[in-house]
Structure formats: structure tokens, C-alpha cells
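What the coordinates show
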Amino acid sequence: MDNNFLNKLKETLHTRYVGVFIFLLVAFLVLFFVFPNLFSSVTSYPSQKAELGEKKKDIKKENKTLATNFPSLDKALYDKKMLEIANNPLPKPPTIKIVKDPKTGKETTVTVEPKPLPPTGWPVQALYPNAGAILPFKRIIAYYGNLYSTKMGVLGEYKEDVMLAKLQSEVDKWNTADPSTPVQPALHYIAVVAQGSAGKDGKYRARMPGTEIDKVLAIAEKIDAIVFLDIQVGFSTLQSEIPVFEKYLKMPQVHLGVDPEFSMKGTIRPGKVVGTLDAADINFTAEYLAKLVKENNLPPKVLIVHRYTQKMVTNYKLIKPLPEVQIVMHMDGWGGAAKKIGTYKNFIYPEPVQFAGFKLFYKNDLWDKGTVLMTPQELLKLSPQPLYIQYQ
């Protein structure tokens, strides 16, 4: 072979090698920057932040599942129970009358139908509740109080084990007295307490810290109880106080109570005169709760409204129960049986809203000599039968 041929062959091979080398180099660089993990000797793990994010998603998913895991509403049973708890008087039976014809003297037996009873307003005609409603299928038996005080109710008066044993005793009594309506135990915690002093903002109320609410939730969990957060606004408003507890009200087991007695509309501080709430205040509360129920796929909330005087609740006819919120007008006056029944008949029975409640005081109801605590059997004779019983 001549030298010219050999030189051309070398140049061709050199050019090809250079081209291949450049191609491989470019490919390597692309792989290095696009897939850096292929060239790393360190094992790669997801970041802690990413893991926490996934855990939060799982928890939210689990909570959503728990919140929506309730049976559909049995409307026929609902109607039946509502009629039963109305406990309306039975109509009088027809009477037999013998009528004598004055001309012939012939006697005829005539059946005389009694006059129809006037309507009582019970059961209340309202929209059916959403699935998972507690009332009227169960009766709520609640212990009331504040963990900081031994004088505001049994919830804070006794040590936890003693308190729970006493509550279970009441639950057993009610289950025996009315086995057709199983008991749902509850702890009713005063989360906003009306005060005799103004406080920093001049509102005459003190909000309890979340750590105390968490304690109540933990106690309730031990006995599968629901929890009520009670609001005594002082010179504040429900519109200002309720949103503070939104994270708790988003929980399926947490419900709400509002106390008109300590809702002050004038200048006199709480405890000196009885306060008041209007239907507009109660409707705001119900609508706020309904929004949380819808947004978080929760079963209906129960809203307790305390009452023992006429002026404590105004414009009751404008109060609107919602499918997401069941409203209980709760008679919480103290005294002997006759006084308490009178309060119930004067302020709960004639102004029906949806459901009724009744409060029993272990001490205040027994101040008068010879008085005893009312029994479940006595309360079941009331019209309507209360479905929320609170012990203080």
C-alpha cells in the first residue's frame, strides 16, 4: 500500500473516534445532570418534611373516614321517637250517652266523641337531621363543670376516677329507666367562664387554655363520651368567642353550649343580673356549626341553649334548627321538684324549638329541707321528655 492510502485511512479513523468520543461525552453529561442519583454512592431517602407531609395526609384521610363512618338516617324511626318523646296527653275516650225522645219516650244510645285536644307544638316540625344524628335516638347524660374549680360542677369537683364512676352510675339509672333510648355519656366543659372582674380587655370573661380542653377530651375518650364546650360570653359576643374554638368544633365528638345567663347586654357585670340571647345569636351559632359540619363531613352537632327565665331567650319562633345542627333548649334552673317542673312548663314546653333538656343540681336542688334529687322516672313523665340531662 502506498503512503497516501495509509494517511487517508488514519485520518478517517481519527475523525470517527473523535465523533464517538464527543457523542459519549455529551450523553454522559446529560445523564449526570438529569439523573444525578445514578452516579451517587449515597443511598437517597425521602426528606423528613416530606414524610411528615405524607403522615398528615394519612391522618386527615383517617379522620375523614372516622367522621363519615355513621349510619344513614332511619326516618321512620326518627318520626316514631319524636312522637314518643313529645309525650302528649292521650285523647279522652268517647262517652256513651242515653238520649230520651220527649215525645215518644224512646231511649237511644249515642256515642259522644270528646273535643280534640289543642295542639301542643310537640313534636316540633323541622327538617330531618343529617345521617349520624344523636337525637332522638339516644339520650345524652352529661357531667358539667370546669377542671380549675371544685364549685362549678362535678366535672371539676372530684378526682377523675370518682367522677367517672358517679357518671356511670347515672348512665346506668337512665338505661334502666328507658331502655328504648340508650344513653350517650358526655362531659360538658365550661370553656369560656364569665368573671366578676373585667380582665385585660374589659369583657368580664376568661377563656380556658387548650391544654385544659385537651385534658377533658382525653378523659372523655376513656368512656367513649362526647364533649360540650360551654360559652359564657360576659360582655363579649358569640361571634367573637366561638371561632376561637374552631379546631375543636371540627372534631366529630365535640359539640357546643351557650349560656344566655352570662350574656350581658347592658352595663351590669355578670352574676348581678340574668343576661339574654336573641334568636339572631342562636341562629349565628347554628349556622357557624353547620358550615363546619359541611366542610368537614361531620355528623350533626348538638347545640345546648341554657334557659330558666322568659327573657333569657328572645324571639324563639325565629330560631331555625338545621339538618347539621340539633338544638336543645335546656332548663337549668335549680330548686325543689315543683319549682323545676314549673320552670320547665313555663319556659320550655310553651316555646318549642326542637328538643328539650333538664338540669339537676346535686347540691342546689337539695337546699330546701325535705327535698330530694329528681329521678329519671319522674323526668320521663314530663312533656316533652328531655333528651339532654345535665348534672352539676
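How each quantity is defined
Residues numbered from 1 in each chain as written. Predicted model: local features only at pLDDT ≥ 70, side-chain atom pairs only at ≥ 80, totals over all residues. Heavy atoms only, no water. Helix = DSSP H or I, 4+ residues; strand = E, 2+ residues; numbered from the N terminus. Buried < 20%, exposed > 50% of the residue type's maximum accessible area, 1.4 Å probe, protein only. Contact = heavy atoms within 4.5 Å. Areas by Shrake-Rupley, 256 points an atom, 1.4 Å probe, with all protein chains shown as cover. Salt bridge = Lys/Arg side-chain N within 4 Å of Asp/Glu carboxyl O. Core = buried A, V, L, I, M, F, W, Y, C linked by side-chain atoms within 4.5 Å. Patch = residues over 30% accessible without salt bridge, like charges linked within 9 Å, V, L, I, M, F, W, Y side chains within 5 Å. Phe/Tyr/Trp six-rings, centres within 6.5 Å; stacked < 30°, edge-to-face > 60°. Lys NZ or Arg CZ within 6 Å of the ring centre and 35° of its normal.

1. Notes on the overall build of the chain
Of the regular secondary structure elements, the chain holds 11 helices and 13 strands. When burial is assessed residue by residue, the chain has 41% of its 392 residues classed as buried. Once local pairs closer than 6 in sequence are excluded, the contacts in the chain between residues at least 24 apart make up 74%. Within the structure as shown, the chain displays about 22,600 Å² of accessible surface, and the carbon and sulfur contribution to it stands at 59%.

2. Topic: the pattern of salt bridges
Applying the stated criterion across every chain yields a total of 14 salt bridges. Where K80 meets E84, a salt bridge forms, and the shortest distance between an N and an O atom there is 2.7 Å. Separated by 4 residues within a single helix, K80 and E84 lie in helix α3 (residues 75-86), roughly one turn from each other. A relative accessible area of 34% places E84 in the partly exposed class. With a shortest N-O distance of 2.7 Å, E241 and R205 are connected by a salt bridge. Taken together, the residues E241 in helix α7 (residues 238-241) and R205 in strand β5 (residues 205-207) connect sequence positions 36 residues apart. The two residues E241 and R205 agree in class, both being buried. Three or more residues are tied together by salt bridges with common partners; here these are D201, R205, R207 and E241.

3. Focus: the nonpolar core
For soluble globular proteins, the rule of thumb is that nonpolar side chains tend to be buried together. Core analysis: the largest hydrophobic core is formed by 66 residues, its most contacted members being L187, L229, L256, L303, I327 and F358. With residues near it in sequence (within four places) discarded, L229 still touches Y189, A191, I213, F245, Y248, V254, H255, L256 and G257. In terms of nonpolar packing, the next biggest core, distinct from the first, is built from 17 residues, I85, F137, I140 and V328 among them.

4. Details of a nonpolar patch on the surface
There is a patch of nonpolar side chains on the surface, built from V99, V110 and V112 and spanning about 180 Å² of accessible area. Following the sequence through the fold, V99 ends up in strand β1 (residues 95-100). Take V99: its relative accessible area is 37%, and that puts it in the partly exposed class.

5. Some details on the packing of aromatic side chains
A full pass over the atoms with the stated rule returns 10 aromatic pairs. Ring geometry for Y344 and F358: centres 5.5 Å apart, planes at 55 degrees, overall tilted. Taken as a pair, Y344 in helix α10 (residues 337-347) and F358 in strand β12 (residues 355-360) lie far apart in primary sequence, 14 residues in all. The same class applies to Y344 as to F358, namely buried. Considering the side-chain rings of Y362 and Y391, the 5.5 Å spacing of their centres and the 25 degrees angle between planes classify their relative orientation as stacked. Remark: Y391 occurs in strand β13 (residues 388-391) and Y362 occurs in the loop between β12 and α11 (376-379); sequence separation between them is 29 residues. Accessibility classification places Y362 together with Y391 in one group, the buried group. In textbook terms, an aromatic cluster arises when at least three aromatic residues are bridged by ring pairs, as seen for Y78, Y128 and F137. K339 extends its terminal NZ or CZ atom over the ring of W334, reaching a point 4.9 Å from the ring centre. Cation over ring: K359 sits above Y144, and NZ or CZ is 3.8 Å from the ring centre.

6. Quick look at unusual backbone geometry
Here L135 and P136 are connected by a cis peptide whose omega angle stands at 5 degrees. Structurally, P136 is set in the loop between β2 (107-112) and β3 (139-145). The omega torsion of the bond from S383 to P384 falls at -5 degrees, within 30 degrees of zero and hence cis. Examined against the element boundaries, P384 turns out to sit in the loop between α11 and β13. Within the chain, N297 stands out as a residue other than glycine whose phi angle is a positive 50 degrees. Judged by its relative accessible area of 32%, N297 is partly exposed.

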